[in-house]
Structure formats: C-alpha cells, structure tokens
Amino acid sequence: MFTLTLDPPEVSPRLAVITIDRPGEKVNTIAPAALAAIEEQFAELDGTPGLAGIVLISGKPDNFIAGADVEVFATANDRKDVETFSRKGHEVLKRIAGSKVPIVAAIHGACLGAGLELALCCTWRIATDSPKTVLGLPETMLGLFPGGGGVTRLPRLIGVREALDVILTGRNIRPRAAKKMGLVDQVVSEESLLAAARRAAGLLAAHKIEPHLHPKSDVARVLLEQNPVGRRVLFNQARKTVQRKTLGLYPAPLVAIDLIERGLSLPLDEALAQEPPAFAELAVGPVAQNLVSLFRRSNALKKQEVKDAEGDVVEGAPIHRLGMVGGGFMGADIAVVSAEKGIETRIRDIAPEPLGKALAHCKAYFDRRAKSLGERHVFKARSRVSGSLELAGFGTMDLIIEAVPENLGLKQDVFAQLEAIVPPTTILASNTSALPIAKVGAKLQHKDRLIGLHFFSPVSKMPLLEIVVTPETSPQTLATCLRYAAQIGKTPIVVKDGPGFYTTRVLGFYLMAALQMVQDGHTIEAVDRGARQVGWPVGPITLLDEVGIDVGAKVSKTLAEAFPERITVPDTVDQFLASKRYGRKNGRGFYIYPGEGERGFLGKKPRKRVDPEVYEFFAGRTPLAEPGDPEELGERLTLIAAMEAIRCLEEGIIATPRDGDIGAVFGFGYPPMRGGPFRHIDALGPGAVCSRLAQLRERYGDTYTPPALLLELARSGKNFSSLNKDEGGAA
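Conventions we followed
- Residues numbered from 1 in each chain as written.
- Predicted model: local features only at pLDDT ≥ 70, side-chain atom pairs only at ≥ 80, totals over all residues.
- Heavy atoms only, no water.
- Helix = DSSP H or I, 4+ residues; strand = E, 2+ residues; numbered from the N terminus.
- Contact = heavy atoms within 4.5 Å.
- UniProt positions renumbered as here; feature names shortened; annotations may be inferred.
- Domains from an automatic or database assignment.
- Buried area = accessible area lost by both parts, 1.4 Å probe.
- Salt bridge = Lys/Arg side-chain N within 4 Å of Asp/Glu carboxyl O.
- Polar contact = N/O pair within 3.5 Å; in protein donor to acceptor, adjacent residues only side chain to side chain.
- Nonpolar A, V, L, I, M, F, W, Y, C, P; charged D, E, K, R; others polar.
- Pairing = 2+ DSSP bridges.
- Axes fitted to C-alpha atoms, helices over the stretch in contact; angles between N-to-C directions.
- Disulfide = S-S within 2.5 Å.

Trainee: I'd like to hear about the environment of Leu-639, residue by residue, with values.
Mentor: Turning to its location among the elements, Leu-639 is positioned in helix H26 (residues 630-650). Each C-alpha atom of the pair Leu-639 and Arg-692 lies 9.7 Å from the other, and the pair is 53 residues apart in sequence. For Leu-639, the contacting residues outside a window of four places in its chain are Ile-681, Val-689, Arg-692, Leu-693 and Leu-696.

Trainee: Could you give an account of the UniProt feature "domain: 3-hydroxyacyl-CoA dehydrogenase NAD binding" (unreviewed entry) in the protein, naming the residues involved and the relevant values?
Mentor: The positions that UniProt labels "domain: 3-hydroxyacyl-CoA dehydrogenase NAD binding" (unreviewed entry) are, in the present scheme, residues 322-497. What you have in residues 322-497 is 40% helix and 22% strand, and the ends, taken at the C-alpha atoms, are 23 Å apart.

Trainee: Can you explain the domain arrangement of the protein? Please cite residues and give values.
Mentor: Along its sequence, the protein is carved into domain 1 (2-284), domain 2 (315-497) and domain 3 (503-723). A straight line from the C-alpha centre of domain 1 to that of domain 3 covers 41 Å. Taken residue by residue, the interface counts five residues in domain 1 and six residues in domain 3. For the pair domain 1 and domain 3, the summed buried surface comes to about 450 Å²; carbon and sulfur atoms form 59% of the total. Contact with domain 3 buries surface across domain 1, with Leu-247, Leu-249 and Tyr-250 losing the most and accounting together for 85% of the total. Run the count over domain 1 and domain 3 and you get zero salt bridges. The interface formed by domain 1 and domain 3 includes two residue pairs in polar contact (both at pLDDT 80 or more). The residue inventory of the side of domain 1 that touches domain 3, partitioned by class, reads three nonpolar, no polar and two charged.

Trainee: Account for the UniProt feature "domain: 3-hydroxyacyl-CoA dehydrogenase C-terminal" (unreviewed entry) in the protein, naming residues and giving values.
Mentor: The UniProt entry lists residues 500-593 under the feature "domain: 3-hydroxyacyl-CoA dehydrogenase C-terminal" (unreviewed entry), expressed in the numbering used here. Helix makes up 61% of residues 500-593 and strand 2%, and the two end C-alpha atoms of the span are 29 Å apart.

Trainee: Tell me about the sheet that holds strand E14 (residues 385-388), and please be specific about residues and values.
Mentor: Pairing between sheet strands relies on hydrogen bonds along the backbone, with the strands arranged either parallel or antiparallel. One open sheet holds the eight strands; their spatial order is E14-E13-E12-E15-E16-E17-E18-E19, and the pairing between them is mixed. With partners counted over all chains shown, the strands left at the sheet margins are E14 and strand E19 (491-496), one partner each. Neighbouring strand axes in the sheet, compared pairwise and without regard to direction, differ in orientation by 25 degrees on average. In the packing of helix H18 (residues 408-421) onto the sheet, the strands contacted are strand E12 (321-325), strand E13 (344-348), strand E15 (399-402), strand E16 (427-430) and strand E17 (450-454), and the crossing angle to E16 comes to about 170 degrees.

Trainee: An account of the state of the cysteines is requested, with residue identities and associated values reported.
Mentor: A complete count under the given rule lists zero disulfides for this structure. Cysteine Cys-121 is unpaired, with the sulfur of Cys-122 as its nearest cysteine sulfur at 7.0 Å.

Trainee: Can you explain the sheet that holds strand E7 (residues 124-128)? Please cite residues and give values.
Mentor: Taken in spatial order, the six strands of this open sheet run E1-E2-E3-E5-E7-E9, and their pairing is mixed. Each edge of the open sheet carries a strand with a single partner, namely strand E1 (2-6) and strand E9 (186-188). Each strand axis lies, on average, 20 degrees off the axis of its neighbour in the sheet, ignoring direction. Across three bridges, E7 lies against E9 in parallel orientation.

The structure is reproduced here in structure tokens:
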C-alpha cells in the first residue's frame, strides 16, 4: 500500500516521498494491515542519514485517503476488537505526529475520516484546488465519531466552534474554505502538488516557515473558547442543537461533544486516550451497526452486474450526450448534475418561458458552485448545458430522459415523437414517479430500449436513482443506465415496473395513512411530531407540503387506481387543489409559509404554522378529546411503510431486502438509524412485529394486516437477512 521514493544522499534537502496506493481498490482506506505497513515504512526511514523531510501523497487519481475500512466495524461483534484497532491506530498516528522531521500531507481528492486524522498529525497540509478535493470527518453519519484523534486534535488546530461544526455536521469542506479555517496551510493546482509539497518540506526543515498549530484569536474566541463560562455556554448550546435535530436517537454527536469538552481540559495524550473505549462502545451499538450497514450495502449496489440470458456479463456503454425533454426544476437539476460529470446535455421545452426558467436554474446552480470551487473549475460544465425549443440534435443523443408533467397521454406522445427521430441505440427513459413505464412507452416499436430513471429532488443532493425495468427492457439498456448512475455518482436500485414502482408506492401508503390519522381526529402537529420522534427526518404532512400537494394528488390517484381495496384518496385532496393550496411552493398547504421578506419579532423570519382552516376540509372529523401518544402515531406510520415494502418484495418489485432498505432510507427517509424497513423488522423480530400488528389491527382496522411473507418468516423462525442473495454487502 505504501511505496517509498528516497532522494539520493547528495540531494539537499534530502526528502522521502511515500505514495499511498491500496492495491486492487479504487480508493485508499485504512485497514489493520495498513497500520502495520505505516509502522514498517516509518521504521525504515528512522535510520536514514541526512533525511530532512517526508511527503505523503496518494497514488490514486481521485482520492487521498477516504477513511477507515468500515469492514473492521461491520464485522466486529466484540468491542475489544474495535478498541484494539483504535488503540493501534492511535499509536501509529502518535508516531507520525512525533516525527523528528517535518511531514507534509499532499492532498488531492477525498481526504475523509481517518485520512484527515492522519493529515492532522502531519506538520503541514497542502490541498489541490480541484473539485475532486474535499476534506471532512463524516463519522457521525455512520453513528460514530472521529476516533483517530479527530475530536482531540481538530479543536486545538482550528478552534472549538469550527471543530464542532465540522464534526457534528459531517459535511465536506472545500479547499478554499479549509484554508480559511486553518485546516490546510496551502491550496495549489493539481499539477503543482508534489512540487509544492517538496518545497514546503524543505522550508520547514530549514525553519523558514513554521507549522500552524493553533487557531487565530479573535474576540469571539476569547469570550467563548478561552474562558470556562464561555466554553460552558458554547457546549451547552451545541448539545441543545443536537438534541433538537436528533431527538436523542443518535448518540454519537453527544459523545463527540463530551469528549471535546473534557479533552480540552486535559493534556494531549490523556485527551487522546479517551477516544478508543468510547469509539468501540458506539461501534458495536445498534445505531452504528445499522448506519455502517447502509454504507456498505450502498457501495455494493454501485457494483451491480447485469447478465444476459446466457449468463454472460453485459458491459454498459458510457453516456456522452444526454437529452432532457421537459425543463422544470427536475429536468434542469438532472442536466446540471450530468454536465458536471462531463456529459453534454441539451434541455428541450415547448415554450420560451419554461425553457428560460430551466436555463436560469442551471446558471444559478453553476454560480453557486463557482463561489466554492472557482469559475475555472465550473466553466466547462456551464458550456455543456444548452437549450432548445425543438428536438433538433436529439438524434445524436445516447440517452434521452423525459421529464414532462405527469400526464400519461402527453408522455406517450413525447416518446412517439422521439422514436421517429432517434436511432435504435438511443435509450429512452422516463422520470415519472408513479406511472407504469410500460404504459408510458406503450406506443414505442422498440420497447427494449425503454426504461424508467426516477430521480429524487433535489437531484444534486439526493443519492438514489431508482431504475425501473419492464419485461422488455434489454440487458444492454439496463447495463448502460447503471453505468450512467455511476457516472453521475448515484446509488442505483433496480426495480420492476408497476404503479409507483417501489419508493413512490411505499411513500404513498405512508402519506395516505398520515392523512387518515388527521381525519380520525389527530392534529397535524401530532402526526408530524410522532414521525419525527421515531426517526423520520421530517413529518409526513410537512413532506406532503414539500413534495407539492398537486404532485401528491396525482401519485395517490395512480396508486388508488392500482390498489382500490387498500388505498382511497379522500376528497380532502381535491379541496386543497380547488383552493390553490399546493404546499410550500406557493406558501399555502397544510401549513402557511412566511414570505421571503416577512419578518417577525426582533426581525426573525417566522416559522411555518398549521393553518387551522385546513381542518374544515376533513369532512366529519371530530378532534380527539385527549391527544394520542405521538410515539405510537410514529410507530404506526413506520409499520405501514414497512408492510408495504414487504409486499413489494413479495411481488418481486424489489429483488432483495437490501434493495428495499437502501431505497427506503435514501429515497424517502425511512429512519436511517433503523437501517431500513427489513433490517428494522429483523431487529424487532418478525414474530414480535406480527403480534404488534395484531394489536393494532384490532384497534385500527385491516390496514395493519401483516403480509403473507412476514407471517411465513414468523412461523419458520427466519428473518429477512436470510433472503438476501450474494450481494457483497448484505449485512
């Protein structure tokens, strides 16, 4: 994994360059074997005569070190094993931090988690200004904390407030922002990285530059960080913020805050010694195990293979040119994400106004990117997006995605027009969220190139791409769309065609159940609060407002037509539309949203509030005399979503529980700390869930009838993990 290049003795200053390159892997990660290799490398250098400095650089094209190898945590059953690994890591990093010669970390690409913790132990850090370069400590996203010295060294380097932000959010930091906060010392071009690192190592050795060891002092730092009272206020506020956002469901952020606070009052070595046992305790806990499992399984989905009828692997073709039919925000979002990844993209709309809005949306996106990356890294992507009122040029596209309004006849006409002008090799895809793909492409002659590509909004942030295949979709079409997903950095799940596919179908039943709870007398606030209390990122009524009540209405009616015995769309929905209540998009839905310039007490922007008038749309509703238990409401909603996910598995809409877990968490926010509906049911036990459903069915009706597959698993003593195929990450 480490290759040493040592200058000849006559070179001055004499430097060693250690190239990090994990064999057979696309990214560098730190595993137990890597720790031993680091020790061996530095032991070899200890006796080198005349050595003035060391440069650490990656041999990978797109990353420095992406973090620790999560297999260590995913397969660990004993906290002692994790603690041993953590302590070993600390020993190695302490050796690097205590090096007698300066060490320069030359960072290009992702420098995350343990990779950044290694860089923090170096004397000097240089990052490239490439869009590929990001730094961060995302461990809290996996139910952990930066346990390789991150919670101890980072606050000492950049300050407590900045370190809390980096650690608690897990966000990626761009090079220029990293330089501003003191996380890196220099930002250079990719081409000059090694030369700049060698020069810095020589200057450090000659004491012509000194390492940056502490944050810059200012008034706020003196008041909040450098006195006990201010520090106490700072940490108490951090705890309140975490509690408000996580409702106590994720222990890692609070553990990180405790370690940072205690560590600042201790000598460095004692502060570092706190980390391994606390890290191990979290690593074997259910939240971390579930979140790490999601991470592993999502990575496995990015490596899916497609085989033909003979069992041979089909290679997907790369997408070079993409056509978007239908601007709108979704079409524009797909365009910019594709353009950023090197794909020439043309947006076609039928009228100047929507096309202009789509192109303006693209411009605003690239303007924001230019502020963080610099215009020179964005202008090529800008130039890849064009617009047209005609289909001119669409005959040369590799892939065309339709994103027009959810009208079946309109979509069919669009595909008929496209087929008349494109060659048979062009893939025709629909971004519909609910209409069956086979119906959308019913007029096509060549149905083997028809597929569904269901993106999630906002496309630039949502990681999932739901790929919908019909019985006639060819293996080549699927393989190429999987390759397209990889090109644009999405996690794909492949599902079979049907009303609502997987994600929209499950979400539809979840949202309709929430409306029924309001109809039964519960308040909108109670329903939303109940979902949040059990781990949903937002409540279902808020989500309906965010998606758009008009969009939700079309989807729910598609599902009601397909499942008339199990789902009914209340008249309430049409009354909302008649009164022009579309949700957040026009400021009025179940909630009332403040306008852009609206300000309340002390100039603060008011929060959204439930509009009491909406209860009049629920005919026959009688408010409950006593409010129900919000947590039970959340439990009921979660079970309804899980039951529909199980039915999708029964029907073959999804192939495995793994696909269902990833689709549910990444697609519509099933509580992430549960690991997805199938892993959640396994943790509770199929038998216990069936018993609970029987209680709920007796109280609330047949909505809580367990699926046949769940009953069978309960009877046989099996669970859903036993149904996962060989997936290279099914845990």
